[in-house]
Amino acid sequence: MSSIIKVELLAENLMSKNFTVKAGGNLFTISAENLGYTFKWDNAKCRSGRISYRKKIISLSKPKVKANLHQVDTVIKNTILHEIAHAFSVYIYGREGRGHCNKWRSIAKQIGCSGDRCSSGYEESKSKYTLHCITCDKKSTMHRKSKYSHSCGVCSPKVYNKKYELKIIQNF
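The rules we used
- Residues numbered from 1 in each chain as written.
- Predicted model: local features only at pLDDT ≥ 70, side-chain atom pairs only at ≥ 80, totals over all residues.
- Heavy atoms only, no water.
- Pairing = 2+ DSSP bridges.
- Helix = DSSP H or I, 4+ residues; strand = E, 2+ residues; numbered from the N terminus.
- Axes fitted to C-alpha atoms, helices over the stretch in contact; angles between N-to-C directions.
- Contact = heavy atoms within 4.5 Å.
- Polar contact = N/O pair within 3.5 Å; in protein donor to acceptor, adjacent residues only side chain to side chain.
- Parallel < 35°, antiparallel > 145°, perpendicular 65-115°, else oblique.
- Left-handed = near helix turned anticlockwise from the far one by under 90°.
- Nonpolar A, V, L, I, M, F, W, Y, C, P; charged D, E, K, R; others polar.
- Expected span 1.5 Å × (residues − 1).
- Buried < 20%, exposed > 50% of the residue type's maximum accessible area, 1.4 Å probe, protein only.
- Arc of directions from axis to C-beta.

Notes on the sheet that holds strand 4 (residues 49-52)
Move 1: Strand order in the open sheet formed by 3 strands is 3-5-4, and the pairing between neighbours is mixed. Strands with a single pairing partner mark the edges of an open sheet, and in this sheet they are strand 3 (38-42) and strand 4. Taking each pair of neighbouring strands and ignoring which way they run, the sheet shows an average axis angle of 25°.
Move 2: As defined by bridge partners, strand 3 adjoins strand 5 (residues 57-61) across 5 bridges and the pair is classed as parallel. Directly across from Asp 42, in strand 5, lies its bridge partner Ser 61.
Move 3: Against the sheet, helix 1 (residues 4-16) touches strand 3 and strand 5, its axis set at about 150° to strand 3.
Move 4: Taken strand by strand, helix 3 (residues 72-93) contacts strand 4 and strand 5, and its axis lies near 20° from that of strand 4.

So, the side chain of Ser 52
Move 1: Its location among the elements puts Ser 52 in strand 4.
Move 2: A distance of 3.2 Å separates the side chain of Ser 52 from the backbone nitrogen of Lys 55, its partner in a polar contact.

Some words on the sheet that holds strand 8 (residues 167-170)
Move 1: Spatially, 7-6-8 is the arrangement adopted by the 3 strands of the open sheet, whose pairing is antiparallel. Where the open sheet ends on each side, the last strands, each with one partner, are strand 7 (139-142) and strand 8. In this sheet, adjacent strand axes meet at a mean angle of 30° when their direction is disregarded.
Move 2: Strand direction decides the pairing type here: strand 6 (residues 129-132) and strand 8, joined by 4 bridges, are antiparallel. Residue pairing in the sheet places His 132 in a bridge with Lys 167 of strand 8.

Side note on the packing of helix 1 against helix 3
Move 1: In the contact formed by helix 1 and helix 3, the axes pass within 10 Å of each other and the chain directions differ by 40°. Between helix 1 and helix 3, the angle falls in the class oblique. Taken as a pair, helix 1 and helix 3 cross one another with a handedness that is right-handed. Where helix 1 approaches helix 3, its residues Val 7, Leu 10, Ala 11, Leu 14 and Met 15 are matched on the opposing element by Val 72, Ile 76, Lys 77, Ile 80, Leu 81 and Ile 84.
Move 2: Looking at the contact of helix 1 with helix 3, its residues break down into 10 nonpolar, no polar and 1 charged.

Overview of helix 1
Move 1: With 13 residues, helix 1 extends 19 Å between its outermost C-alpha atoms, agreeing within 8% with the 18 Å of an ideal straight helix rising 1.5 Å per residue.
Move 2: Residues of helix 1 that are buried include every one of Val 7, Leu 10, Ala 11, Leu 14 and Met 15, and no others. All buried residues of helix 1 lie within an arc of 125° about the axis, which places them on one face of the element. Of the exposed residues in helix 1, those oriented more than 90 degrees away from the buried face are Ile 5 and Asn 13.
Move 3: Here the buried face of helix 1 lies against strand 1 (19-23), strand 3, strand 5, helix 2 (62-67) and helix 3.

Shown next, in the form of structure tokens:
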């Protein structure tokens, strides 16, 4: 079983590692650390990783990582490499390298990432609330309590309908 400290060390090691990437007919030997990127934790519940190009920060969701510590060598490592590939892509191609374009995908695969746009394989972190439709029995999760009422998207698509209002259940 791994710990959150081991994940942080993995991230820092991968960010300091020099990767050789072929792009645009040139070879680049670069590391995220040499490009000025640092690692941070965040408290996101719906995404796994994030990169801030301006602040030069690569962050991982602490709740998602904690819920998936048994997948450090697969899913979590892939997420770190995914974010590093974004840093390299923007460094090499500029604004054209942003997002999940083919240029980014090529770099991601070269450094050992799957090249997938979204991370799959993560077990979801527990949500504080569950929204339940009594009519169709559909349940969905919510991490923050909304100020507004919601109606079921299956029973009343696109339009709020008090008849299909979702019941909010607090999980913990």
